[in-house]
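Commentary on secondary and tertiary structure
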Amino acid sequence: MAQDAPREAPGRLPGRVRIAPSILSADFARLADEIDRVGAEADVLHVDVMDGHFVPNLTIGPLVVKWIRRHCDLYLDCHLMMDNPGQYLEAFRDAGADSCTVHVEVGGTGELIAQMRELGLGTGLAVNPETAFEACEPWLDRVDMVLVMTVHPGFGGQSFMSEVVPKIARARELIDRAGLDVELEVDGGIDPRTAPVVSLAGARLLVAGSAIFGQQDAVAAAGAVRAAATRALADRS
Ligand code: DX5
Ligand code: ZN
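What this report covers is the structure whose coordinates are included nearby. Being a predicted model, the structure only gives us computed values, none of them experimental.

Reading guide: rules and limits
- Residues numbered from 1 in each chain as written.
- Chains lettered and ligands numbered in written order.
- Predicted model: local features only at pLDDT ≥ 70, side-chain atom pairs only at ≥ 80, totals over all residues.
- Heavy atoms only, no water.
- Donors = N, O, S within 2.8 Å, 3.2 Å for Na, K, Ca; no water.
- Tetrahedral: all angles 85-135°; square planar, octahedral: opposite > 155°, others 65-115°.
- Buried < 20%, exposed > 50% of the residue type's maximum accessible area, 1.4 Å probe, protein only.
- Helix = DSSP H or I, 4+ residues; strand = E, 2+ residues; numbered from the N terminus.
- Polar contact = N/O pair within 3.5 Å; in protein donor to acceptor, adjacent residues only side chain to side chain.
- Contact = heavy atoms within 4.5 Å.
- Pairing = 2+ DSSP bridges.
- Right-handed = clockwise from strand over helix to strand, strands pointing away.
- Phe/Tyr/Trp six-rings, centres within 6.5 Å; stacked < 30°, edge-to-face > 60°.
- Lys NZ or Arg CZ within 6 Å of the ring centre and 35° of its normal.
- Near = heavy atom within 4 Å.
- Areas by Shrake-Rupley, 256 points an atom, 1.4 Å probe, with all protein chains shown as cover.
- Expected span 1.5 Å × (residues − 1).
- Axes fitted to C-alpha atoms, helices over the stretch in contact; angles between N-to-C directions.
- Parallel < 35°, antiparallel > 145°, perpendicular 65-115°, else oblique.
- Left-handed = near helix turned anticlockwise from the far one by under 90°.
- Nonpolar A, V, L, I, M, F, W, Y, C, P; charged D, E, K, R; others polar.

1. Structural notes on the coordination of the zinc ion (ligand 2)
The protein atoms that coordinate the zinc ion (ligand 2) are H46 (NE2), D48 (OD), H79 (ND1) and D187 (OD), at distances of 2.1 to 2.3 Å. Around the zinc ion (ligand 2) sit six donor atoms; with metal-centred angles ranging over 73 to 171°, the donor geometry is octahedral. Within one chain, the residues donating to the zinc ion (ligand 2) are spaced in sequence as H-x1-D-x30-H-x107-D. Across this residue pair, the class does not change: H46 and D48 are buried.

Quick look at the structure:
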């Protein structure tokens, strides 16, 4: 059944850097408290779904998303690191996801985007470090968001791959050249040191897991990531 248009991701203003805390680094035994810890600085809550095939790790599925949805009103984006996302999109929608992000590497991208739209989900397309951004190019005018991975997906707490920075800049160039309203997101190794690098390259939605949940004051840590990126953009102009 087709749904209404996807809920607009909040806080999206021209030039504003948005933060998406990744719950992968949260204490899952206290997930509701952990989400409350970051709520004030979270524009989007990033939910990492791993299937043990597309990536060598297992995490969570629609059942957990359902309880997160009952607990909070944050915009929920499910990053689907899985071989067969199409089989689960409806379940994530029914659980309360606002958007899903699928990987271009799994193929069938056109069908997956159409299916997400039909379900009323916001549409994200992710690209791994070793995949050229050109793989996403044919779909740019049909997605709400592109996610450039800045680590190999599968685990939190990995080091930022600076060799991906030119790809972020390339993505920004292609989005702007086509005049598209597509959010440019990055994920992996984002902290106050790397946030300026990715924002200057053109990213505006920054996923961060360990740099936020790994800190005692999580909301201050999220604010520090945002402030570092925002300052870099201000200094440039
Ligand atoms: C990695 C996940 C990320 C992860 C990022 O496969 O997609 O969202 O949580 O964690 P940090 O910010 O610790 O690199
Ligand atoms: Zn992720």
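2. With respect to the side chain of E34
Mapped onto the fold, E34 is located in helix α1 (residues 31–38). Using a relative accessible area of 2% as the deciding quantity, one classes E34 as buried. Side chain to side chain, E34 and R37 meet in a polar contact 2.7 Å long. Setting aside chain neighbours within four positions, we find E34 in contact with A26, D27 and F213.

3. A look at the side chain of R172
Relative to the helices and strands, R172 resides in helix α5 (residues 165–177). Once you skip the residues sitting within four places of it in the chain, R172 turns out to touch L184, A201, G202 and R204.

4. A closer look at the pairing of strand β4 (residues 99–103)
Most of β4 sits inside the fold, with five of its five residues counted as buried. Of the two faces of β4, the one lined by S99, T101 and H103 and the one lined by C100 and V102 are each fully buried. Alignment of strand β3 (residues 76–81) against β4, held across four bridges, turns out to be parallel. The partner of C78 across the bridge, within β4, is C100. Strand direction decides the pairing type here: β4 and strand β5 (residues 122–127), joined by five bridges, are parallel. Bridge pairing in β5 places S99 opposite G122. Each parallel crossover has a hand, and the one from β4 via helix α4 (residues 109–119) to β5 is right-handed.

5. Digging into the packing of aromatic side chains
Enumeration over the complete set of coordinates arrives at zero aromatic pairs. One Lys or Arg, R70, reaches over the ring of W67 and ends 4.6 Å from the middle of that ring.

6. What about the site of ligand 1?
In the vicinity of ligand 1 lie 20 residues, with S22, G154, D187, G209 and S210 positioned nearest. Here an oxygen atom of ligand 1 and a backbone polar atom of G154 are 2.7 Å apart. Here an oxygen atom of ligand 1 sits 2.7 Å away from a polar atom, N or O, in the side chain of D187. Protein contacts shield 100% of the accessible area of ligand 1, which totals 380 Å² for the unbound molecule. When residues of the shell around ligand 1 are traced back to their parent elements, those giving at least two are β2 (45–50), β3 and β8 (205–208). In terms of residue count, the dominant contributor to the shell around ligand 1 is β2 (three residues).

7. Quick look at helix α8 (residues 218–236)
In an α-helix, one full turn covers 3.6 residues, which means residues spaced three or four apart are oriented alike. Given a rise of 1.5 Å per residue, 19 residues ought to cover 27 Å, and the 28 Å separating the end C-alpha atoms of α8 matches this to within 8%. Considered for burial, the residues of α8 that qualify are A218, A221, A222, G223, V225, R226, A228, A229, A232 and L233.

8. Let's talk about the packing of α1 against helix α2 (residues 62–71)
Relative to each other, α1 and α2 sit at 50°, their axes nearing to 11 Å. By the angle between their directions, the pair α1 and α2 is classed as oblique. Here α1 and α2 pass one another in a crossing that is right-handed. Between α1 and α2, the contacting residues are L31, A32, I35 and D36 on the first element and V64, I68 and H71 on the second. Of the residues belonging to the contact of α1 with α2, the class tally is five nonpolar, one polar and one charged.

9. Notes on the sheet that holds β2
The strands that make up a sheet pair up through hydrogen bonds in the backbone, lying either parallel or antiparallel. Reading across from one edge, β1-β8-β7-β6-β5-β4-β3-β2 is the order of the eight strands in this open sheet, with parallel pairing throughout. Of all the strands in the sheet, the pair left with one neighbour each is β1 (18–21) and β2. Averaged over all neighbouring strand pairs, the angle between strand axes comes to 25°, with direction disregarded. Examined bridge by bridge, strand β7 (residues 183–187) and β8 share three bridges and lie parallel to one another. Bridge pairing in β8 links D187 to V207. Lying on the sheet, α5 is in contact with β5, β6 (145–149) and β7; it crosses β7 at an angle near 170°.

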